[in-house]
Amino acid sequence: MGMKHIFKQIILFATLCVLALSCNKPADHSIRVKNDSSSPIGTITVGALTFKDIKAKTATEYLAIPEGTYSVGGDISTNEFTISGKGTHKWSITIKDGNSETNPLEITLEEDK
């Protein structure tokens, strides 16, 4: 075997290793609260995470969160939602003023792009 052939095999092997390792990244999720409403919010909980004193028209820092099913608690409560996906994901719980007395706040979960 010539040096060129050995060099090509080393490059091929290194490329395959990089591809294999990049495909098996562990999930990395983080979440924040965006308070787009006109009122401050005292406390929001998501699983073991707690966000406090969220001023109107501000967002919290992202906090790491494992994959799983959660509901929002504290001053606001929601139905359950699921955090999942391979790779790195950043999520926002967005709180907006609602459109009626029976729906004073709109709460959504979206993945940030």
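Just above, that's the structure.
Residues numbered from 1 in each chain as written. Predicted model: local features only at pLDDT ≥ 70, side-chain atom pairs only at ≥ 80, totals over all residues. Heavy atoms only, no water.

Engineer: Describe the pattern of salt bridges, with residues and values.
Structural biologist: All told, the structure shown has 1 salt bridge when counted by the stated rule. For Arg 32, the salt bridge is made with Asp 112, and the minimal N-O distance between the two is 3.6 Å. Here Arg 32, found in strand S1 (residues 28–35), pairs with Asp 112, found in the segment after strand S10 (105–111); they are 80 residues apart in sequence, far enough to count as distant. Taking relative accessible area as the criterion, Asp 112 reaches 23% and is therefore assigned partly exposed. (Salt bridge = Lys/Arg side-chain N within 4 Å of Asp/Glu carboxyl O. Helix = DSSP H or I, 4+ residues; strand = E, 2+ residues; numbered from the N terminus. Buried < 20%, exposed > 50% of the residue type's maximum accessible area, 1.4 Å probe, protein only.)

Engineer: Break down the sheet that holds strand S2 (residues 41–46) for me, citing the residues and quoting the values.
Structural biologist: Pairing within the open sheet is antiparallel, and its 3 strands lie in the order S3-S2-S7. Strands at the two margins of the open sheet, each flanked by one partner only, are strand S3 (49–54) and strand S7 (72–74). On average, each strand axis in the sheet is inclined to that of its neighbour by 30°, with strand direction left out of account. (Pairing = 2+ DSSP bridges. Axes fitted to C-alpha atoms, helices over the stretch in contact; angles between N-to-C directions.)

Engineer: Please give an account of the nonpolar core that cites residues and values.
Structural biologist: Membership of the largest hydrophobic core comes to 17 residues, with the highest contact counts inside it found for Ile 31, Ile 44, Val 46, Phe 51 and Phe 81. Those elements that provide at least two residues to this core are S1, S2, S3, strand S8 (81–83) and strand S9 (88–97). In this structure, Val 46 is in contact with Ile 31, Phe 51, Ile 65, Tyr 70, Ser 71, Val 72, Phe 81 and Ile 93, ignoring residues within four places of it in sequence. (Core = buried A, V, L, I, M, F, W, Y, C linked by side-chain atoms within 4.5 Å. Contact = heavy atoms within 4.5 Å.)

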